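Observations on the three-dimensional arrangement
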2 protein chains.
Amino acid sequence: MRLHGYFRSSAAWRVRIALNLKGLDAEHAFHHLRHGGQRAPDFLRLNPQGLVPALETDDGPGGGAVLTQSLAICEWLDETHPAPPLLPGDARQRARIRAFAQAIACDIHPVQNLKVLARLRGLGLPEAEVTGWARWIIADGLAACEALLAGEPGPFCFGDAPTLADLCLVPQLANGRRFGVALEGLPRLLAAEAACAALPAFRAAAPDRQADAE
Amino acid sequence: MRLHGYFRSSAAWRVRIALNLKGLDAEHAFHHLRHGGQRAPDFLRLNPQGLVPALETDDGPGGGAVLTQSLAICEWLDETHPAPPLLPGDARQRARIRAFAQAIACDIHPVQNLKVLARLRGLGLPEAEVTGWARWIIADGLAACEALLAGEPGPFCFGDAPTLADLCLVPQLANGRRFGVALEGLPRLLAAEAACAALPAFRAAAPDRQADAE
């Protein structure tokens, strides 16, 4: 397998964690998003969305394809390599885990990604307003995530092992810190992050451990 | 089951289609998003994210919960009521269907929803810039969706029956029209929409057929 990513991309980071949790090796191809690598013709042929991550899978049953969208890639990894599960439990529990992941991957991250912030700058907004935008959507979204975990046993988002929810949470908290979001009102999320930080699968996936880290 | 929605919400519309395709009845509770119904205390107790849809499920195995996030709800419906499948095929095909759905549900819709457009207005941008923002993200995202279907047999997004991809496509095309996006360069998407329009499950889910339609 070959994962196309960028060290700082939250979405690629999620997939790196998933690969590590599953104990899967992948070759890594890095595309510099701040230099427009995701819009290079060769990459657009792989993923017409011009976004990382994209996963080139090995040939074989269910493989031999270019998969896109981090959550779809994680679900594919979970279907083709079920242990350990990223979506454990019954249908209700799986729905709650997916909803938490989507509260980040749909309602926070795409509203504060590079493309959106560049558009805000292009509209003439000063840098303080652009950073304020990112802080607003992250703070608002993470507060809802904290509430979504009310009553869920820890130490991870959903119980005693990491799930798709933790894969999304850890990169989003890091983004929050980069933009100066106050996180101290989110004790449940920070406890889940601490539980993840103890695991080699999460540590090896961190941006500063990638070959293209700056 | 009880679906909390709003006639014009793209995300609630997706779930209405899914319920209809599965032949499931649900009671409908409507919350007027333009009047802040999603931030009423009673609704926030159901869904701390303050977003529609939310699905109150019946008691029973895997049920008796409040489920949130439209794609997570659709996956739950597919797991608990498998026929007809919203995610047919092998792991690779399911990954492609999920990626298409997420290209809309993550990368288009949350960047042009009411909350984001209201924030742009709050930053002092004139209405033409706000509408232009919505047109930009929808046009850009739908062009990528058209490319994602290259080589996929129709008439629906992925073959001869509707999937999770079509559930996301139809409401997003309607949003595109509301904002004046030029759609004529998207023949494959329009053909899938036409195939959906022939199905009662899609017709009955349309905003103008809901009890709260204006």
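Residues numbered from 1 in each chain as written. Chains lettered and ligands numbered in written order. Predicted model: local features only at pLDDT ≥ 70, side-chain atom pairs only at ≥ 80, totals over all residues. Heavy atoms only, no water.

**Notes on the packing of helix 6 (residues 127-148) of chain B against helix 8 (residues 187-197) of chain B**
Residues and elements named next belong to chain B. Rule in force here: Whenever a helix is involved, its axis is fitted only over the stretch in contact; in every case the axis is a line through C-alpha atoms, and angles between N-to-C directions fall within 0 to 180 degrees. The way it works is that DSSP assigns letters per residue, a run of H or I at least four long becomes a helix, a run of E at least two long becomes a strand, and they are numbered from the N terminus. Reported orientations rely on four angle classes, namely roughly parallel under 35 degrees, roughly antiparallel over 145, roughly perpendicular from 65 to 115, and oblique for the rest. Here, residues are in contact when the closest pair of their heavy atoms is within 4.5 Å. Under this grouping Gly is polar, as are all residues other than the nonpolar Ala, Val, Leu, Ile, Met, Phe, Trp, Tyr, Cys and Pro and the charged Asp, Glu, Lys and Arg.
Two elements in contact, helix 6 and helix 8, have axes whose closest approach is 8 Å; the angle formed by their N-to-C orientations is 85°. Between helix 6 and helix 8, the angle is such that the two are roughly perpendicular. For the pair helix 6 and helix 8, contact is made by Leu142, Cys145 and Glu146 and by Pro187, Arg188 and Leu189, respectively. Classifying every residue of the contact of helix 6 with helix 8 by side-chain character gives 4 nonpolar, no polar and 2 charged.

**Things to note about the UniProt feature "domain: GST C-terminal" (unreviewed entry) in chain A**
We count it as follows: UniProt positions are given in the numbering used here, feature names are shortened, and annotations may be inferred rather than shown by experiment.
Under the UniProt annotation, the feature "domain: GST C-terminal" (unreviewed entry) is placed at residues 90-214 of chain A. Each end of residues 90-214 of chain A is marked by a C-alpha atom, and these two atoms are 42 Å apart; helix forms 61% of the span and strand 0%.

**As for the relation of the copies chain A and chain B**
A rotation about some axis, followed by a shift along it, carries one copy of the chain onto the other. Heads up, the condition is: Least squares is the method for superposing the copies, and the C-alpha atoms it fits come from residues with pLDDT of at least 70 in both.
Superposition of chain A onto chain B requires a rotation of 180° combined with a translation of 0.0 Å along the rotation axis, giving an RMSD of 0.0 Å. Both copies of the chain, as the preceding transformation shows, are related through a two-fold rotation axis. Of every C-alpha in chain A, the one belonging to Cys106(A) sits nearest the axis of rotation, 2.0 Å from it.

**Thoughts on unusual backbone geometry**
That bond from Val52(B) to Pro53(B) is cis: its omega, 5°, falls within 30 degrees of zero. Turning to its location among the elements, Pro53(B) is positioned in the loop between helix 2 (41-46) and strand 3 (54-56). Residue Ala83(B) is joined to Pro84(B) through a cis peptide bond whose omega torsion reads -10°. On the secondary structure map, Pro84(B) appears in the loop between helix 3 (70-80) and helix 4 (91-105). For Gln69(A), which is not glycine, the phi dihedral falls at a positive 70°. One can find Gln69(A) in the loop between strand 4 (66-68) and helix 3 (70-80).

**Describing the interface of chain A and chain B**
We apply this condition: By definition here, a salt bridge exists when the distance from a side-chain nitrogen of Lys or Arg to a carboxyl oxygen of Asp or Glu is within 4 Å. Two N or O atoms count as a polar contact when they lie within 3.5 Å, although within protein this holds only if one can serve as hydrogen donor and the other as acceptor, and sequence-adjacent residues are included solely when both atoms are side-chain atoms.
Facing the 48 residues of chain A at the interface are 48 residues of chain B. One salt bridge connects Glu75(A) with Arg98(B), and the closest N-O pair in it is separated by 3.4 Å. Where chain A touches chain B, the interface holds 14 residue pairs in polar contact (both at pLDDT 80 or more). Elements that contribute at least two residues to the side of chain A that touches chain B include exactly strand 4, helix 3, helix 4 (91-105), helix 5 (114-122) and helix 6 (127-148) of chain A. Among the elements that line the side of chain A that touches chain B, the one with the most residues is helix 4 of chain A, at 10 residues. Class assignment of the residues belonging to the side of chain A that touches chain B gives a composition of 26 nonpolar, 10 polar and 12 charged.

**Let's talk about the packing of aromatic side chains**
In plain terms, the rule: Under the pairing criterion, centres of Phe, Tyr and Trp rings, with the six-membered ring standing for Trp, must be within 6.5 Å; the plane angle then separates stacked pairs below 30 degrees from edge-to-face pairs above 60, leaving the rest tilted. Only protein chains enter the accessibility calculation, which uses a 1.4 Å probe. A residue is then buried if its area is under 20% of the maximum for its type, exposed if over 50%, and partly exposed in between.
Summed over all chains, the structure comprises 7 aromatic pairs over all chains. Between Trp133(A) and Trp136(A), the aromatic rings sit 5.2 Å apart at their centres with planes inclined by 70°, giving edge-to-face as the arrangement. One end of the pair, Trp133(A), and the other, Trp136(A), are both in helix 6, 3 residues apart, so they sit about a helical turn from each other. Considered together, Trp133(A) and Trp136(A) belong to a single accessibility category, that of buried residues. Taking 5.0 Å as the distance between ring centres and 70° as the angle between the ring planes, the aromatic pair formed by Tyr6(B) and Phe7(B) counts as edge-to-face. Taking the relative accessible area as the measure of exposure, Tyr6(B) reaches 2% and is therefore buried. Judged by its relative accessible area of 3%, Phe7(B) is buried. Among the aromatic residues, those joined into a ring-pair cluster are Trp133(A), Trp136(A), Trp133(B) and Trp136(B).

**Things to note about the nonpolar core**
Note the threshold: For our purposes a nonpolar core is just a set of buried Ala, Val, Leu, Ile, Met, Phe, Trp, Tyr and Cys residues, chained together by side-chain atoms within 4.5 Å.
Ranked by internal contacts, the top residues of the largest apolar core, which has 133 residues, are Phe100(A), Trp133(A), Phe100(B) and Trp133(B). Contact partners of Trp133(B), with chain neighbours within four places excluded, come to Val116(A), Arg119(A), Leu120(A), Leu123(A), Trp133(A), Val111(B), Val116(B), Leu117(B) and Leu120(B).

**Remarks on the domain arrangement of chain A**
Residue and element names in this part refer to chain A. Rule in force here: An automatic or database domain assignment supplies the start and end points of every domain. Buried area is calculated as the accessible area (1.4 Å probe) missing from two parts once they are joined, with the contributions of both summed.
In terms of domains, chain A is made up of domain 1 (2-84) and domain 2 (91-201). In this assembly, 14 residues from domain 1 lie in contact with 17 residues from domain 2. When the two sides are added together, the surface that domain 1 and domain 2 hide from each other amounts to roughly 1,500 Å², 68% of it contributed by carbon and sulfur. At the junction of domain 1 and domain 2, the tally comes to 1 salt bridge. Across the domain 1-domain 2 interface, the total number found is 3 residue pairs in polar contact (both at pLDDT 80 or more). Elements supplying a minimum of two residues to the side of domain 1 that touches domain 2: helix 1 (10-22) and helix 3. In terms of residue count, helix 1 provides more of the side of domain 1 that touches domain 2 than any other element does, 8 residues in total.

**A short note on the sheet that holds strand 3 of chain B**
All names here are of chain B. Counted only if it meets this: The rule for pairing is simple: two strands pair if DSSP sees at least two bridges between them.
Strands sit in the order 2-1-3-4 across an open sheet of 4 strands; the sheet is mixed. With partners counted over all chains shown, the strands left at the sheet margins are strand 2 (27-30) and strand 4 (66-68), one partner each. Strand-to-strand twist of the sheet, defined as the mean angle between neighbouring strand axes without regard to direction, takes the value 20°. Where strand 1 (residues 2-5) and strand 3 come together, 3 bridges link them in antiparallel fashion. Across the sheet, residue Arg2 finds its bridge partner in strand 3, namely Glu56.

**Observations concerning the environment of Ala191(A)**
You can see Ala191(A) is positioned in helix 8 (residues 187-197). A C-alpha to C-alpha distance of 7.3 Å links Ala191(A) and Phe156(A), two positions 35 residues apart in sequence.

**Some remarks on the pattern of salt bridges**
A full pass over the atoms with the stated rule returns 24 salt bridges over all chains. With its nearest N and O atoms 2.8 Å apart, the salt bridge here joins Arg121(A) to Glu127(A). Using a relative accessible area of 40% as the deciding quantity, one classes Arg121(A) as partly exposed. It is possible to trace a salt-bridge network through shared partners that takes in Glu75(A), Glu79(A), Arg94(A), Arg98(A), Glu75(B), Glu79(B), Arg94(B) and Arg98(B).

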